[in-house]
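In case you want the letters, here they are:
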Amino acid sequence: MIEIQNLSKTFKTADGTVDALKNITLTVNDGDIYGIIGMSGAGKSTLVRCINMLERPTEGKVIIDGVDVGALSAAKLREVRRNVTMIFQSFNLLMQRTCLDNICFPLELAGVSRAKAKKRALELLETVGLPDKAKAYPSRLSGGQQQRVAIARALATDPKILLCDEATSALDPKTTESILDLIKDINKRLGITVIIITHQMSVVEKVCNKVAILDNGSIAEEGTVNDVFTMPKSAAAKRLVFTSNPDDNLPEHLSKNSIRVIYNGALVAGTPIIAKMAMDKKIAANILYAQTKCIGDKVYGNMILGIDGGDDCLSSAVEYLENIPDIIVRRDI
């Protein structure tokens, strides 16, 4: 478990001090794929670098499995960093070394014999789908292949935690998807806790189970991905999830035959479900308000419908919509 307690980070600049992080408190449970998302300059990379003490917090604590990482000696901190490894947007491979030697490098630093390090590196090349690239140099690989080698290197010391700092930002969408699939598979098979720093909602939606919205150095909102994406509460989360502020244009008075339809990652993109309900069930519905967003082929958000007719029509509409997977219907708007 990772516990971040009241963490702040202040930088001194020529123009004065900058509060990059302000009183951050988060808990990441073992086995989570935890997304930390925000706009550029929100403090995401500073936060992830504080977890392994590449950046020392000005205030607060980072506790990993009950150990206050900031209080450790240099030698003990090096041991922690073998359990908390990191991959970066720019891959950070050693260009003069082969893929095999890049993966062996952290094992060499840990004092592992060359024979054992090589054996482990070959196993990891197999894990990341590059068994034929042992003798290749990074310059001969695509961006996606370089990131796979970087992931293999990060796994070399059998870490418990993998930190991903904008690890897919430099990749095209197809390659990004394959890298995210690999990270998800590693999380599932090896039980490694993953923290993903990103500005891309699609990355969080694809692989994360929890998410925190970082805004101007503070946590604006956190929770499960479904909860935050479906009904964001903070202004920062709404800016990321929606193009405008939900509920701003709600009618002042709603009839008792109004319902809220919540899209909770429903696979209905491009499907006119309200029109289909009218054709299938002869139920007329007025869209009084709608704010939805497609992420991939899934829809998040909500709309408010006014159902024409009496209670029977309302009940039929609720029953029809609730039978669509990942759609929630609420009468208490």
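Residues numbered from 1 in each chain as written. Predicted model: local features only at pLDDT ≥ 70, side-chain atom pairs only at ≥ 80, totals over all residues. Heavy atoms only, no water.

Here's the deal with the side chain of Asn302
Convention followed: Put simply, DSSP marks the helices as runs of H or I at least four residues long and the strands as runs of E at least two long, and each gets a number from the N terminus on. When accessible area is computed with a 1.4 Å probe and restricted to protein chains, residues below 20% of their type maximum are described as buried, those above 50% as exposed, and intermediate ones as partly exposed.
Residue position: Asn302 is located in strand 13 (residues 298-307). Taking the relative accessible area as the measure of exposure, Asn302 reaches 2% and is therefore buried.

Structural notes on the packing of aromatic side chains
Stated formally: Each aromatic pair joins two rings of Phe, Tyr and Trp (for Trp, the six-membered one) with centres within 6.5 Å, and gets the label stacked for planes under 30 degrees apart, edge-to-face for over 60, and tilted for any other angle. In this scheme, Lys NZ or Arg CZ marks a charge over a ring once it lies within 6 Å of the ring centre and within 35 degrees of the ring normal.
Tallied over the entire structure, the rule returns zero aromatic pairs. Against the face of Phe11 rests Lys9, its NZ or CZ located 5.0 Å from the ring centre.

A closer look at empty space enclosed by the protein
Definition in use: Put plainly, a pocket is an open set of points on a 1 Å grid over the protein atoms alone with protein on both sides within 12 Å along at least five of seven lines, a cavity is a set where a 1.4 Å probe fits but cannot get out, and a lining residue has an atom within 4 Å of a point. Grid points are joined across faces, edges and corners, and a volume is the space filled by probe spheres set on the points. Only Asp, Glu, Lys and Arg are considered charged, only Ala, Val, Leu, Ile, Met, Phe, Trp, Tyr, Cys and Pro nonpolar, and every remaining residue, Gly among them, polar.
A complete count under the given rule lists one cavity of 30 Å³ or more for this structure. By volume, the largest cavity is sized at about 50 Å³. Residue assignment for the lining of the largest cavity shows that the elements contributing at least two residues are helix 6 (173-190) and strand 8 (193-198). It is strand 8 that provides the largest number of residues to the lining of the largest cavity, a total of three residues. A class-by-class count of the residues in the lining of the largest cavity yields seven nonpolar, two polar and one charged.

Brief notes about helix 1 (residues 44-51)
In terms of burial, helix 1 is a largely internal element, six of the eight residues being buried. By the burial criterion, the buried members of helix 1 are Lys44, Thr46, Leu47, Val48, Cys50 and Ile51. In the segment just after helix 1, Met53 is the residue with positive phi, at about 65°.

Details of the sheet that holds strand 2 (residues 16-28)
Threshold: Strands are labelled as partners when DSSP assigns at least two bridges between them.
What the four strands build is an open sheet, ordered 2-1-4-5; its pairing is antiparallel. Looking at strand neighbours, the two that pair on one side only are strand 2 and strand 5 (67-68), the edges of this open sheet. In terms of strand pairing, strand 1 (residues 2-13) meets strand 4 (residues 59-64) through five bridges, oriented antiparallel. Looking at strand 4, one finds that Ser8 is bridged to Glu59.

Here we look at the layout of surface pockets
The computed volume of the largest pocket comes to approximately 620 Å³. Of all the secondary-structure elements, those providing two or more residues to the lining of the largest pocket are helix 2 (74-83), strand 6 (84-88), helix 3 (99-109) and helix 5 (143-155). With five residues, strand 6 is the single largest residue contributor to the lining of the largest pocket. Of the residues that constitute the lining of the largest pocket, the class distribution is 13 nonpolar, four polar and four charged.

So, helix 11 (residues 311-322)
For the α-helix, the turn length of 3.6 residues means that residues three or four positions removed from each other point alike. What counts, and what does not: Expected span, for any helix, means 1.5 Å times one less than how many residues it has. Working note: the arc is built from the helix axis to C-beta atom directions.
Counted at 1.5 Å a residue, the expected span for helix 11 with its 12 residues is 16 Å, and the 16 Å between its end C-alpha atoms agrees. Every buried residue of helix 11 is listed here: Leu314, Ala317, Val318, Tyr320 and Leu321. What you see down the axis of helix 11 is that its buried residues fit within an arc of 165°, all on one side. Seen from the buried face of helix 11, the exposed residues on the opposite side, beyond 90 degrees, are Asp312 and Glu319.

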